[in-house]
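A look at the structure
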Amino acid sequence: MIEYNHSWGEPALTNEQIAAELTKKLGHDIEPGYIASLRDGTTDVLPRDVAEALCTLCGVTDVGLLLPRGDEDVDLDMQVQIWTLARDRGVQHLAARTITRDKMRELIADLRALPARTR
């Protein structure tokens, strides 16, 4: 979500920037190390208030992206990977209705194989 929420050619927010924004919004300290652990998957403890603030910061309207139920997180993660790769590869149009997980994995591999966009 963080990697997707920036314009192509611009850097994503850093852990420090995210922590500072969340600290300001929530009124209590959020450490950059905590953000790093969320991003790399070493922690999955995400209180709802932090999830909601992070979604707002990234322009995401559905906190379900960060607080999925069941195995939805696999689908959501793959969808965000597809969107990010499509943006970074300069893909203008992409239609993938009722796509299976196996087909999403294939699409991710195909998108990764495309050359990165240069302008």
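Quick note: structure is the one above.
Given the structure is predicted, the values throughout are model-derived calculations rather than measurements. (Residues numbered from 1 in each chain as written. Predicted model: local features only at pLDDT ≥ 70, side-chain atom pairs only at ≥ 80, totals over all residues. Heavy atoms only, no water.)

**Points about the overall build of the protein**
A tally of regular secondary structure across the protein gives five helices and zero strands. N-terminal to C-terminal, the α/β element order of the protein is α-α-α-α-α. For the protein, the spread of C-alpha atoms along the principal axes amounts to about 40 × 35 × 25 Å. With 119 residues in all, the protein has 27% of them scored as buried. Here the contacts in the protein between residues at least 6 apart in sequence split such that 54% fall between residues at least 24 apart. (Helix = DSSP H or I, 4+ residues; strand = E, 2+ residues; numbered from the N terminus. Buried < 20%, exposed > 50% of the residue type's maximum accessible area, 1.4 Å probe, protein only. Contact = heavy atoms within 4.5 Å.)

**Things to note about the pattern of salt bridges**
Enumeration over the complete set of coordinates arrives at five salt bridges. E106 is the salt-bridge partner of K103, the closest N and O atoms lying 3.6 Å from each other. One end of the pair is K103 and the other is E106, both in helix α5 (residues 101-113) and three residues apart, which spans about a single turn. (Salt bridge = Lys/Arg side-chain N within 4 Å of Asp/Glu carboxyl O.)

**Digging into the state of the cysteines**
For the structure shown, the criterion picks out zero disulfides. Of the cysteine sulfurs around C55, a residue in no disulfide, the closest is that of C58, at 7.3 Å. Judged by relative accessible area, which is 5%, C58 ranks as buried. (Disulfide = S-S within 2.5 Å.)

The values reported here are purely geometric and, on their own, carry no functional implication.
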